[in-house]
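# Residue-level structure breakdown
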Amino acid sequence: MLLAIDCGNTNTVFSIWDGARFIATWRCSTDHRRTADEYYVWLTTLMTLNKVEAHISQAIISSTVPRVVFNLRVLTDRYFNCRPLVVGKPECKLPMPPRVDFGTAVGPDRLVNTAAGFDRHGGDLIVVDFGTATTFDVVDQDGAYIGGVISPGVNLSLQALSMAAAALPHVDVSKPATVIGKNTVACMQSGVYWGYIGLVEGICRQIRLEHPRPMKVIGTGGLASLFQQGTEIFDAIEDDLTMHGLVLINELNKERDTQ
């Protein structure tokens, strides 16, 4: 079985793949101070509570937080007796290398989403990921990552707004009943929701103008389904896109190791 770990700036997701499907998925807050022992106690407790029997023999990690990787490596080495693949490291091969400016380090999550998006939808894609940052990954016709856009994430923007303006409260992200808000909370929710709809539609429009072929737009991340309700820009929403990409990259590396 494969332990797939996706470590983002806000949350870290652990999924167990049995060769045919994900049998369990759990998440915790990302914290570089969390030790390998703490991860193991947390994971095994959840396995016991959910009656999950997992015999993990492989692991793969995608992390946008470099300081977390060491303890995740120790976790898999010490407790599962396997050396993890780490996306972005030279020993971890990708279906297609990215085509970007020399010396540019592409985020591992973006490489994983590119591989998964191409596998499911083919080339000429825009993958919009609603995470701590809202990212737009451009996938060429052969599956290579060729660049993209990074903008502040939805929750990050709300947090900055409430911190910078003393009179404005913190509000949850939701689709407002009307664009015109009748109170402060409704005004803020409308500004964030419809503002990000405009951002996504506008950036995708500009990317399409620069790309020589028609493009599909795929949404992923925790808020993708919510924003899909306000626009027709998305051709598909993929909740498990990153985890699917981790499985693909792990299988690719296993095949190359046996050749």
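Presented here is a report on the structure given in the accompanying data block. (Residues numbered from 1 in each chain as written. Predicted model: local features only at pLDDT ≥ 70, side-chain atom pairs only at ≥ 80, totals over all residues. Heavy atoms only, no water.)

## Concerning unusual backbone geometry
Definition in use: The buried label goes to any residue with under 20% of its type's maximum accessible area, the exposed label to any with over 50%, and the partly exposed label to all in between, with areas taken from a 1.4 Å probe on protein chains only. Strands are runs of DSSP state E lasting at least two residues, helices are runs of H or I lasting at least four, and both sets are numbered from the N terminus onward.
Residues other than glycine seldom take positive phi values, yet asparagine 81 does so here, at roughly 55 degrees. The class of asparagine 81 is exposed, set by a relative accessible area of 70%. Unlike most non-glycine residues, aspartate 124 shows phi in positive territory, near 60 degrees. Its place among the elements puts aspartate 124 in the loop between α3 (108-121) and β6 (125-130).

## Thoughts on the nonpolar core
What counts, and what does not: To define a nonpolar core, start from buried Ala, Val, Leu, Ile, Met, Phe, Trp, Tyr and Cys residues and group those joined through side-chain atoms within 4.5 Å. Residue contacts follow a heavy-atom distance rule, with two residues in contact if any of their heavy atoms lie within 4.5 Å.
Formed by 26 residues in total, the largest nonpolar core has its most connected members in Val128, Phe130 and Phe227. Going through the elements one at a time, β6, β7 (133-139), α4 (154-164), α5 (184-210) and α6 (224-228) are the ones with two or more residues in this core. For this core, the element with the most residues is α5, which contributes nine residues. Discounting residues that sit within four places of it in the chain, phenylalanine 227 has contacts with Phe130, Val154, Val173, Val192, Tyr193, Tyr196, Ile197 and Phe234. By size, the runner-up hydrophobic cluster in this structure holds 24 residues, among which are Ile5, Phe14, Met47 and Leu72.

## Here we look at the packing of α4 against α5
Filter applied, for reference: Whenever a helix is involved, its axis is fitted only over the stretch in contact; in every case the axis is a line through C-alpha atoms, and angles between N-to-C directions fall within 0 to 180 degrees. By definition, turning the near helix anticlockwise from the far helix through less than a right angle yields a left-handed crossing, and turning it clockwise yields a right-handed one. Any residue outside Ala, Val, Leu, Ile, Met, Phe, Trp, Tyr, Cys, Pro, Asp, Glu, Lys and Arg is labelled polar, Gly included; the first ten of those are nonpolar and the last four are charged.
Where α4 contacts α5, the axes come no closer than 11 Å and their chain directions differ by 145 degrees. The handedness of the crossing between α4 and α5 comes out as right-handed. Contact with α4, carried on its side by Val154, Ser157, Leu158 and Leu161, involves Met188, Val192 and Tyr196 of α5 and no other residues of that element. In terms of residue class, the contact of α4 with α5 is made up of six nonpolar, one polar and no charged.

## A word on the environment of leucine 75
Residue position: leucine 75 is located in helix α2 (residues 66-80). Excluding its chain neighbours within four sequence positions, the residues that come into contact with leucine 75 are Phe14, Ala36, Tyr39, Tyr40, Leu43 and Phe80.

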